[in-house]
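Structure at a glance
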Protein chains: 6
Amino acid sequence: MLRLAPVGYLRLLQEPSFSATFGGGEANVAVSLANFGDESEFVTKLPKNDIAEAIIRELRGFSVKTENISRGGERVGIYFAEKGASMRPSKVIYDRAHSAISEAKSEDFDWKSIFEDADWFHFTGITPALGKNVANITLEALKEAKKQGLTVSCDLNYRKKLWSREEASKTMSALMPYVDVLIANEEDAYDVFGISASSTDIESGKLSREGYVEVAKKLADRFSFKEVAITLRESISASDNNWSAMLYDGEAHFSKKYAVRIVDRVGGGDSFGAGLIHAIKSGMSAEDSLEFAVAASAFKHTIEGDFNRVSEDEVKSLMNGNASGRVQR
Amino acid sequence: MLRLAPVGYLRLLQEPSFSATFGGGEANVAVSLANFGDESEFVTKLPKNDIAEAIIRELRGFSVKTENISRGGERVGIYFAEKGASMRPSKVIYDRAHSAISEAKSEDFDWKSIFEDADWFHFTGITPALGKNVANITLEALKEAKKQGLTVSCDLNYRKKLWSREEASKTMSALMPYVDVLIANEEDAYDVFGISASSTDIESGKLSREGYVEVAKKLADRFSFKEVAITLRESISASDNNWSAMLYDGEAHFSKKYAVRIVDRVGGGDSFGAGLIHAIKSGMSAEDSLEFAVAASAFKHTIEGDFNRVSEDEVKSLMNGNASGRVQR
Amino acid sequence: MLRLAPVGYLRLLQEPSFSATFGGGEANVAVSLANFGDESEFVTKLPKNDIAEAIIRELRGFSVKTENISRGGERVGIYFAEKGASMRPSKVIYDRAHSAISEAKSEDFDWKSIFEDADWFHFTGITPALGKNVANITLEALKEAKKQGLTVSCDLNYRKKLWSREEASKTMSALMPYVDVLIANEEDAYDVFGISASSTDIESGKLSREGYVEVAKKLADRFSFKEVAITLRESISASDNNWSAMLYDGEAHFSKKYAVRIVDRVGGGDSFGAGLIHAIKSGMSAEDSLEFAVAASAFKHTIEGDFNRVSEDEVKSLMNGNASGRVQR
Amino acid sequence: MLRLAPVGYLRLLQEPSFSATFGGGEANVAVSLANFGDESEFVTKLPKNDIAEAIIRELRGFSVKTENISRGGERVGIYFAEKGASMRPSKVIYDRAHSAISEAKSEDFDWKSIFEDADWFHFTGITPALGKNVANITLEALKEAKKQGLTVSCDLNYRKKLWSREEASKTMSALMPYVDVLIANEEDAYDVFGISASSTDIESGKLSREGYVEVAKKLADRFSFKEVAITLRESISASDNNWSAMLYDGEAHFSKKYAVRIVDRVGGGDSFGAGLIHAIKSGMSAEDSLEFAVAASAFKHTIEGDFNRVSEDEVKSLMNGNASGRVQR
Amino acid sequence: MLRLAPVGYLRLLQEPSFSATFGGGEANVAVSLANFGDESEFVTKLPKNDIAEAIIRELRGFSVKTENISRGGERVGIYFAEKGASMRPSKVIYDRAHSAISEAKSEDFDWKSIFEDADWFHFTGITPALGKNVANITLEALKEAKKQGLTVSCDLNYRKKLWSREEASKTMSALMPYVDVLIANEEDAYDVFGISASSTDIESGKLSREGYVEVAKKLADRFSFKEVAITLRESISASDNNWSAMLYDGEAHFSKKYAVRIVDRVGGGDSFGAGLIHAIKSGMSAEDSLEFAVAASAFKHTIEGDFNRVSEDEVKSLMNGNASGRVQR
Amino acid sequence: MLRLAPVGYLRLLQEPSFSATFGGGEANVAVSLANFGDESEFVTKLPKNDIAEAIIRELRGFSVKTENISRGGERVGIYFAEKGASMRPSKVIYDRAHSAISEAKSEDFDWKSIFEDADWFHFTGITPALGKNVANITLEALKEAKKQGLTVSCDLNYRKKLWSREEASKTMSALMPYVDVLIANEEDAYDVFGISASSTDIESGKLSREGYVEVAKKLADRFSFKEVAITLRESISASDNNWSAMLYDGEAHFSKKYAVRIVDRVGGGDSFGAGLIHAIKSGMSAEDSLEFAVAASAFKHTIEGDFNRVSEDEVKSLMNGNASGRVQR
């Protein structure tokens with residue numbers, strides 16, 4: 001997607017210019033993985049125009065493979081992102097109806113060939129929300145992925161403007177049997193599957209550890225996930241968040257908590273997913289995988305744009321406690 | 001429409017930012033008329049979001065009335081405008097499918113009330129090209145306009161990406177009987193109505209005066225227009241154009257020709273239309289009306305953005321020969 | 001006024017550019033009210049030049065009526081605003097001597113006609129400080145306002161560079177009998193009327209609730225105000241303030257306190273005034289009016305420029321406790 | 001003066017920012033001379049504020065001496081400069097009334113000490129136009145300059161918004177007896193002294209060589225100037241000018257003519273004056289002095305801002321025919 | 001190389017910012033070829049730091065292969081590029097001493113493996129000029145290239161700041177026997193090999209067709225080149241150039257001449273080279289190859305930055321006569 | 001040095017532009033002193049090119065004397081500065097090898113004449129780290145400084161990328177006998193001289209008062225310094241630091257501690273040094289000198305760029321407790 005954002009803390013079109021960058025759930029994960037040194041590929045559909053070319057150029061620059069991007073369709077999805085500050089929330093306006101991917105067809109993707117040499121497939125809940133056709137394409141991809149023995153991860157990423165909870169529940173429930181690693185934020189499990197813990201109050205930011213273990217366990221039990229990861233965001237304000245996560249793989253692991261002065265939080269969840277995938281693929285322990293993923297995504301909050309422009313070394317340094325922000329010369 | 005343009009002569013997304021302004025055929029005319037001191041109103045349909053609010057705020061700032069803009073629908077139309085230079089042409093990419101106006105319905109507009117106290121109605125050939133619904137809305141507006149005795153002007157503005165010549169011909173021919181003043185550029189008459197003169201070669205920029213008189217006469221004869229105005233652009237390059245026009249009202253008038261060093265030519269035709277409407281409404285003679293319209297639109301080529309930010313005084317000064325560009329202190 | 005500000009945290013003219021926006025006490029209130037959906041009008045005097053045209057265009061864009069702005073005089077007032085950070089204070093340099101409004105005459109304004117259909121008149125203590133002529137014009141406005149039954153509000157807004165405490169006291173005391181709602185910050189009451197509470201230390205930021213009640217009561221008693229509102233700013237640094245207010249209408253109400261990470265605090269007091277006027281006009285209770293006004297002005301601190309670019313819905317959402325800054329999608 | 005200009009070809013406040021630089025007749029000359037390696041000093045009055053500090057910092061950076069700038073007064077003069085293009089003229093709005101220099105007093109300047117070690121004094125006709133006090137200060141400076149044996153040059157620089165032709169004529173006539181070198185553009189001689197040639201048509205840009213010789217001779221005869229230099233601008237448009245000059249020192253010399261694609265023409269005249277002063281002081285012949293001055297000022301038209309940022313070497317290279325614009329590596 | 005350039009026509013560091021892009025002879029050719037759809041690879045040496053990573057990211061984005069870039073060494077070469085206008089020349093300041101490539105060693109490159117699957121090798125005269133080590137590496141590359149049957153092209157590109165004519169002549173003469181296609185501008189042949197035609201005056205821009213044929217013939221005769229291409233630049237000013245070329249392959253072909261309004265001429269020669277290589281590789285006739293190369297490089301003059309951001313389709317359109325710059329919608 | 005920095009919190013070359021300013025240890029001190037009203041001079045070596053001219057122009061603007069800057073050599077040193085946020089550290093990439101100063105020779109500086117009329121000489125540990133030649137030049141300067149009776153201060157400023165601890169220890173130990181006032185941060189004493197206190201943990205930011213006194217005493221004892229000042233930075237994150245210092249002159253003084261919201265911390269140590277020098281030269285007491293230096297450097301953290309753009313008045317105001325950041329009107 002094309003991301004159009006006012007400079008700094010300006011409100012939308014307060015001044016006549018936009019910062020124009022690219023992003024979107026799966027693209028963010030692909031870029032992040034490439035930055036960690038993994039081979040990664042982004043599969044979508046994009047029209048034949050200069051905007052799509054610019055997106056592909058950007059992804060390719062990050063070493064993300066783009067050969068299987070289907071070309072055609074009407075338009076590139078756009079979103080407008082206004083950055084909040086203090087008690088003023090960030091605001092996202094989507095203009096992605098009729099994007100090429102939202103009107104893609106099964107024949108646009110040859111999953112058999114796409115998955116050759118691949119070992120992991122990641123998708124987010126935004127993709128099947130784009131339309132029945134896309135949900136169906138996702139299902140086809142999942143079936144082929146499992147056939148070829150790929151590990152599958154899914155970030156629930158519920159978007160209420162794209163579909164109702166009922167639609168989401170129905171569609172996502174049909175996809176979950178193919179998923180090994182589930183990623184969710186603190187609201188998704190309830191929004192999509194109606195799964196919640198007793199005592200949590202999301203708005204207030206008061207999170208109960210026990211509650212999240214309960215939710216993760218319920219998810220893992222219902223869909224037989226190998227791992228369930230839940231990001232835990234305490235929103236003090238649009239400027240300051242506490243950020244941590246838990247990972248449940250039969251037992252529950254809780255990460256360090258980072259107090260983050262926010263530069264740009266869009267893509268935070270995606271950077272967590274990428275960190276987790278990279279860590280698991282690298283054979284890290286559950287605890288380390290979780291800490292890597294949280295450190296990676298904490299970093300993302302300090303970086304402008306959707307993409308998490310950090311290296312594996314940087315994440316490891318932070319994960320190992322180097323959080324003082326002293327100048328590196 | 002939202003107009004997204006790279007800074008200066010950069011290619012699209014060569015750098016990650018866009019200048020974000022507003023424009024579009026009829027809006028450009030409305031703003032231009034308001035700048036000349038006329039009461040003007042822009043009627044369209046816009047969704048309920050912050051981008052639409054910004055457009056309305058901008059128009060209102062120019063004193064263009066916006067009360068009858070219908071609110072609803074999915075999105076604001078967008079176009080991407082890359083500025084050319086020398087032999088590199090400017091390039092426009094439209095992303096306006098599914099805009100609110102393109103999916104508007106008859107009941108979105110109460111023309112009877114809209115036209116109260118109005119004396120002139122202007123539309124461009126882009127509007128009916130957006131879809132049969134919009135063509136139909138245009139027809140309804142035209143009928144009511146004539147009923148209430150408004151003068152009607154139309155700028156043919158053929159856009160080949162929106163419809164075929166056949167579609168354009170059929171639809172526009174049905175609308176022409178309501179039109180008093182027809183405006184066209186040197187290609188429109190042929191593209192829409194198949195009307196051409198013997199000897200003109202558009203690409204080469206070689207224009208024959210006689211040919212244009214012939215075309216205007218044929219147009220006037222076929223549809224009984226009171227006035228036919230044709231803008232005459234000699235494209236030396238994307239940086240330099242010669243700009244003039246002719247007005248046919250039974251007899252043919254040719255304007256002065258301006259050698260223009262181009263700053264931004266988008267909206268040039270609209271600024272001519274606005275100039276002509278203003279001049280006719282002000283009771284200027286045919287010659288003066290033409291010169292006013294040409295001077296106004298020559299000015300537009302020196303101004304960034306779709307809108308012609310010049311006053312009546314400035315146009316009159318140029319029209320009266322003050323073209324030396326000496327500093328005004 | 002034209003507001004010229006360096007980008008970000010740069011010192012004045014550290015780089016050769018200015019952000020150029022508009023502002024000023026009463027204009028800020030008018031824009032804010034229009035943003036809340038109220039009909040509002042800004043009355044001042046501006047010269048006949050392009051800078052004044054740009055100001056009027058901007059105000060009109062916000063739906064602020066500008067028909068009664070008197071045109072003439074020498075110049076537009078300017079102020080230079082350097083944004084502070086941490087312990088470095090923001091710095092404002094005024095260049096408004098000889099502005100059109102400061103040299104306005106009684107005959108520039110026909111208050112009888114201006115106040116037709118109006119129900120509220122707001123002014124700040126800056127206006128009468130501009131000169132005896134302007135103080136006199138203010139008095140004339142007040143007399144006519146009362147005659148026509150308008151509610152009158154005044155924001156004391158003492159500016160030591162414009163006049164001495166003695167001059168302020170004398171002039172403002174003569175205007176107060178016409179005022180229904182008085183707004184002041186924690187220093188104004190003392191600076192203008194010598195009214196203070198026993199135990200307050202402004203520099204230290206230590207505020208005593210009882211002290212403010214005492215001050216408000218004294219003010220109300222001396223001038224028979226219906227309501228006295230005092231904004232309570234605890235300046236932790238140029239980057240962080242605590243922000244709340246009290247409203248005294250016979251009894252004292254204290255608002256919630258917001259911890260604000262500051263984006264731009266100029267116009268904070270004006271946004272409080274506008275919030276209060278809107279709330280009172282909307283028939284909210286004293287408690288709700290106060291909370292609306294404080295929430296509105298807390299928001300202003302997160303927005304660049306003088307104008308409070310927030311809607312009534314946004315303020316109500318914050319006032320109702322939605323302060324976590326979570327992304328709105 | 002503080003110069004506020006929109007970016008590129010934008011109209012004033014079309015976007016909310018200004019490029020903020022410095023300039024003004026005598027300051028421009030002082031900077032230009034310093035860039036040519038001459039010791040130069042700028043004498044004026046500036047208030048005690050951060051804007052004045054920034055001006056002084058800038059001048060000092062160019063090695064212009066600022067020790068005798070009198071400090072005090074109300075404000076720094078400002079001018080707004082909108083850049084024209086093609087047939088759209090550049091437009092300057094002055095906001096310099098009540099500037100510190102315009103309200104300066106005799107006692108602000110100790111010319112006796114200022115002129116110690118100086119050998120040349122340059123002033124423009126703008127300075128005495130600021131007010132009778134400043135005209136008087138100029139006269140005092142001239143008397144002391146002559147007493148100490150300085151060469152005096154004056155650029156007539158008539159500004160119709162500052163004074164009438166009558167006032168200019170009276171005041172300037174009293175100053176001319178102290179002047180050795182007179183500089184004027186093609187209109188000044190007529191505007192200030194009513195001296196004109198038979199056949200010149202300024203607006204049309206048609207210049208007659210004989211006419212200028214006649215004007216120069218009349219000027220020299222009336223005021224006993226040693227040299228009279230007249231810049232000859234043919235304004236084809238705001239984008240293209242032909243630029244040359246003549247020098248009369250008993251006989252008339254005409255320079256090469258440069259066809260200039262304009263980047264910024266403000267300060268063009270001042271850069272000519274500085275070039276001429278430098279050349280004369282360097283002992284160049286009349287022909288060479290004229291060519292140096294014209295080449296220097298032709299360069300100025302290609303440089304943003306008031307100041308002529310070119311070195312003596314660059315001017316000499318151009319003066320010697322290196323005008324092809326080939327890349328210097 | 002990292003290219004640092006002031007915005008627009010500002011002089012170096014006139015404002016405190018640089019546009020930061022990438023470029024350099026061979027890189028420019030590689031990007032251009034990739035843009036035409038050819039597989040291309042850039043081979044150089046770059047240090048291990050974030051600036052080098054950014055360069056590689058950019059090249060990879062254009063689909064230029066970067067796998068054989070040797071990593072190590074001290075620094076990335078930098079050049080500062082100030083854009084000229086009118087008679088003010090563009091100015092380039094090199095800061096590339098001690099760049100990684102200039103201190104590279106033979107063992108940094110395994111030409112045998114690099115040239116696998118390659119069919120063309122292009123280098124410029126700048127590379128061997130960086131030092132004896134680099135000249136030697138070039139020679140090794142050439143030998144291997146010939147061994148593997150690649151076609152070899154060389155752009156003479158004499159840079160007087162890097163080496164003397166004597167050094168250039170000696171070194172380049174040793175490399176020429178391996179070259180099939182020689183590219184030069186109108187000065188290179190003389191600077192490097194002392195080959196000139198009778199009547200040409202470079203500064204004056206007066207070019208004689210016969211002279212160039214004579215030069216090309218002499219070059220071809222001395223070194224047995226298959227093709228000699230000479231770009232013919234007529235520098236009217238820094239803003240306007242006429243641009244054409246000749247190709248000699250036994251007989252002489254002269255191209256169309258383009259009058260170019262310059263946006264950025266750096267990289268013009270490289271874009272010609274890339275156009276020629278692409279055309280020859282595509283099997284175009286000599287005439288068409290020349291016209292393609294000239295059209296491609298004419299385009300480059302209208303594009304900001306070193307890289308020629310145009311597609312094969314765009315070049316073909318221009319080559320086929322579509323030079324009017326009319327808006328493409 | 002030329003400092004190239006991305007805008008805001010962007011990573012290096014995330015967008016294609018740099019903010020381009022100047023800085024470097026001793027230059028920062030010289031500018032700061034000049035801003036406090038002291039006569040100051042910067043002595044270095046710079047090449048003869050436009051970048052060096054711009055540096056000199058900037059310094060001269062601040063009233064720093066530049067007459068003794070030796071001209072010649074290859075290049076200006078460059079550093080790239082990426083600003084960190086929250087737990088992401090700032091990152092500096094140096095590109096200063098082969099800078100003119102690093103290859104300077106003894107004969108480039110005539111210290112005898114340079115020190116005439118001087119009373120203080122300051123250098124940092126970076127300078128001798130540039131190479132043996134520069135270390136030797138520093139020694140020569142120190143000998144002459146002592147001969148002429150100047151007070152000498154040194155900021156240890158250990159840079160591990162420039163030299164090893166062993167080299168630093170050997171070289172710096174030879175220079176220390178000439179130093180009167182030693183300035184160091186909390187790590188330098190250990191890095192350079194192996195002097196540490198028992199219980200300090202630098203990464204954790206836990207500082208023990210006693211430990212620092214111990215370190216200062218050891219330093220003073222070993223080298224007979226009159227004063228040892230140690231800056232105490234507690235790095236909470238890249239966004240927030242606590243900042244204080246201690247001064248040991250036989251007895252230990254500890255300053256107030258400032259909680260700083262960081263705008264730009266580069267140059268923080270230099271601004272402390274300048275503050276201390278100014279205070280000592282002004283005859284302030286030890287306590288006041290320390291508080292002045294800490295307040296000055298706390299301010300620096302709120303200012304963009306290397307240079308501390310604050311006046312003596314501003315520092316005194318902060319030092320006297322005015323830290324609330326209230327707007328100054």
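Details of the structure are given in the entry above.
Residues numbered from 1 in each chain as written. Chains lettered and ligands numbered in written order. Predicted model: local features only at pLDDT ≥ 70, side-chain atom pairs only at ≥ 80, totals over all residues. Heavy atoms only, no water.

Looking at empty space enclosed by the protein
What counts is decided by this rule: Any residue with an atom within 4 Å of a point lines the site, the site being either a cavity, points on a 1 Å grid over the protein atoms alone where a 1.4 Å probe fits but cannot get out, or a pocket, an open set with protein on both sides within 12 Å along at least 5 of 7 lines. Grid points are joined across faces, edges and corners, and a volume is the space filled by probe spheres set on the points. Each residue receives one of three labels: charged for Asp, Glu, Lys and Arg, nonpolar for Ala, Val, Leu, Ile, Met, Phe, Trp, Tyr, Cys and Pro, and polar for the others, Gly being one of them.
As enumerated under the stated definition, the model contains three cavities of 30 Å³ or more in all. Its volume calculated, the second largest cavity comes out at about 40 Å³. In terms of lining, the second largest cavity is formed by Thr21(D), Phe22(D), Glu58(D), Glu304(D), Gly305(D), Asp306(D), Phe307(D), Arg309(D) and Gln14(E). Along the lines of polarity and charge, the residues of the lining of the second largest cavity split into two nonpolar, three polar and four charged.

Comments concerning the packing of helix H2 (residues 50-61) of chain D against helix H2 (residues 50-61) of chain F
Just so we agree on the cut-off: In this analysis an axis means a line fitted to C-alpha atoms, helices contributing only their contacting stretch, and an angle means the value between N-to-C directions, from 0 to 180 degrees. Each helix corresponds to a stretch of at least 4 residues labelled H or I by DSSP, and each strand to a stretch of at least 2 residues labelled E; elements are numbered beginning at the N terminus. Each angle receives one of four descriptions, namely roughly parallel if under 35 degrees, roughly antiparallel if over 145, roughly perpendicular if within 65 to 115, and oblique otherwise. Less than a right angle of anticlockwise turn of the near helix away from the far helix marks a crossing as left-handed, whereas a clockwise turn marks it as right-handed. The contact criterion used throughout is that any non-hydrogen atoms of two residues lie within 4.5 Å.
The contact between H2(D) and H2(F) brings their axes to 7 Å, and the two run at 135°. On the basis of their axis angle, the class for H2(D) and H2(F) is oblique. Seen along the crossing, H2(D) lies across H2(F) with a hand that is right-handed. Contacts between H2(D) and H2(F) involve Arg57(D), Arg60(D) and Gly61(D) from the former and Arg57(F), Arg60(F) and Gly61(F) from the latter.

Topic: the sheet that holds strand S1 (residues 2-5) of chain C
Rules: Strand pairing is defined by DSSP finding a minimum of two bridges between the two strands.
Strands sit in the order S8(C)-S7(C)-S1(C)-S2(C)-S2(D)-S1(D)-S7(D)-S8(D) across an open sheet of eight strands; the sheet is mixed. Looking at the sheet topology across the chains shown, the edges are occupied by strand S8 (91-95) of chain C together with strand S8 (91-95) of chain D. The mean angle between the axes of side-by-side strands here comes to 25°, regardless of whether they run parallel or antiparallel. As paired elements, S1(C) and strand S2 (residues 17-22) of chain C share four bridges and run antiparallel to each other. By the bridge assignment for S2(C), Leu2(C) is matched with Phe22(C).

A few points about the interface of chain A and chain C
In plain terms, the rule: When two parts are brought into contact, each loses some accessible area as probed by a 1.4 Å sphere; the total of that loss over both is the buried area. By definition here, a salt bridge exists when the distance from a side-chain nitrogen of Lys or Arg to a carboxyl oxygen of Asp or Glu is within 4 Å. Pairing of N or O atoms within 3.5 Å defines a polar contact, subject to two protein rules: one partner must be a possible hydrogen donor and the other a possible acceptor, and residues neighboring in sequence count only if both atoms are side-chain atoms.
Counting residues at the interface gives 30 residues for chain A and 23 residues for chain C. Of the roughly 2,400 Å² buried at the junction of chain A and chain C (both faces included), carbon and sulfur atoms supply 50%. A per-residue breakdown of the area chain A buries against chain C is headed by Arg11(A), Gln14(A) and Met87(A), which together make up 27% of the total. For the pair chain A and chain C, the number of links is four salt bridges. Here Arg11(A) ties to Glu314(C) by a salt bridge, and the two come within 2.8 Å at their closest N and O atoms. Across the contact surface, chain A and chain C share 13 residue pairs in polar contact (both at pLDDT 80 or more). Broken down by secondary-structure element, the contributors of at least two residues to the side of chain A that touches chain C are strand S8 (91-95) and strand S12 (227-235) of chain A. At three residues, the largest contribution of residues to the side of chain A that touches chain C is made by S8(A).

Brief notes about the side chain of Asp155(A)
Residues and elements named next belong to chain A. Cut-off, in case you're wondering: When a residue's accessible area, from a 1.4 Å probe over protein chains only, is under 20% of the maximum for its type it is buried; when over 50% it is exposed; and in between it is partly exposed. His is not counted, nor are the chain ends; Lys and Arg add positive charge and Asp and Glu add negative charge.
Along the chain, the position of Asp155 falls in strand S10 (residues 151-155). We note that Asp155 is buried and unpaired, the nearest opposite charge coming from Arg159 at a distance of 7.5 Å. Here Asp155 is in contact with His122, Phe123, Thr124, Gly125, Ile183, Ala184, Asp188, Gly269 and Asp270, once residues within four sequence places are set aside.

Side note on the environment of Ser63(A)
Following the sequence through the fold, Ser63(A) ends up in the loop between helix H2 (50-61) and strand S5 (64-65). Residue Ser63(A) is classed as partly exposed on the basis of its relative accessible area of 34%. Along the backbone, Ser63(A) and Leu33(A) are 30 residues apart, and their C-alpha atoms lie at a distance of 9.7 Å. Among all residues touching Ser63(A), those that are not within four sequence positions of it are Ala34(A), Ser40(A) and Arg60(E). One polar contact links Ser63(A) to Arg60(E), side chain to side chain, over a distance of 3.0 Å.

Brief notes about the relation of the copies chain A and chain C
In this structure, two copies of a chain are linked by a rotation about an axis accompanied by a shift along it. What counts here: Superposition of the copies used a least-squares fit over C-alpha atoms from residues whose pLDDT is at least 70 in both.
By a simple turn and slide, chain A fits onto chain C: the slide is 0.0 Å along the axis, the RMSD is 0.0 Å, and the turn is 120°. Expressed as an axis order, the relation between the two copies is that of a three-fold axis. Within chain A, Gly8(A) has its C-alpha nearest the rotation axis, a separation of 5.1 Å. With a heterologous cut-off of 20% or less, the 3% of interface residues of chain A that recur at the interface of chain C puts this contact in the heterologous class.

Some thoughts on the pattern of salt bridges
A full pass over the atoms with the stated rule returns 150 salt bridges over all chains. For the salt bridge of Arg261(B) with Asp240(B), the shortest nitrogen-to-oxygen distance reads 3.0 Å. Here Arg261(B) is found in strand S15 (residues 258-261), whereas its partner Asp240(B) is found in strand S13 (residues 240-248), with 21 residues between them in sequence. Members of the salt-bridge network, linked through shared partners, are Asp240(A), Arg261(A), Asp240(C), Arg261(C), Asp240(F) and Arg261(F).

Remarks on the environment of His253(B)
Residues and elements named next belong to chain B. Looking at the element boundaries, His253 is found in strand S14 (residues 252-254). Given a relative accessible area of 7%, His253 falls into the buried group. Between the C-alpha atoms of His253 and Glu304, which are 51 residues apart in sequence, the distance is 30 Å. In this view, His253 contacts Ala245, Met246, Leu247, Ala286, Glu287 and Leu290; residues no more than four positions away in its chain are not counted.

Things to note about the packing of aromatic side chains
Our working rule: For Phe, Tyr and Trp, where Trp contributes only its six-membered ring, two rings pair if their centres lie within 6.5 Å, and the inter-plane angle classes them as stacked under 30 degrees, edge-to-face over 60, or tilted in between.
This structure, assessed with the given rule, holds 66 aromatic pairs over all chains. Both rings, one in Phe115(D) and one in Phe121(D), keep their centres 5.2 Å apart while their planes meet at 70°; by these two values the pair is edge-to-face. The residues Phe115(D) and Phe121(D) share a single accessibility class, namely buried. Here Phe36(F) and Phe292(F) contribute two aromatic rings whose centre-to-centre distance is 5.2 Å and whose plane-to-plane angle is 70°, an arrangement assigned as edge-to-face. Within this pair, whereas Phe36(F) is found in the loop between helix H1 (25-35) and strand S3 (40-41), its partner Phe292(F) is found in helix H10 (residues 286-300), the two being separated by 256 residues in sequence. Phe36(F) sits in the buried class, given a relative accessible area of 4%. Grouping aromatic residues by their ring pairs yields a cluster made of Phe109(A), Trp111(A), Phe115(A), Phe121(A) and Phe123(A).

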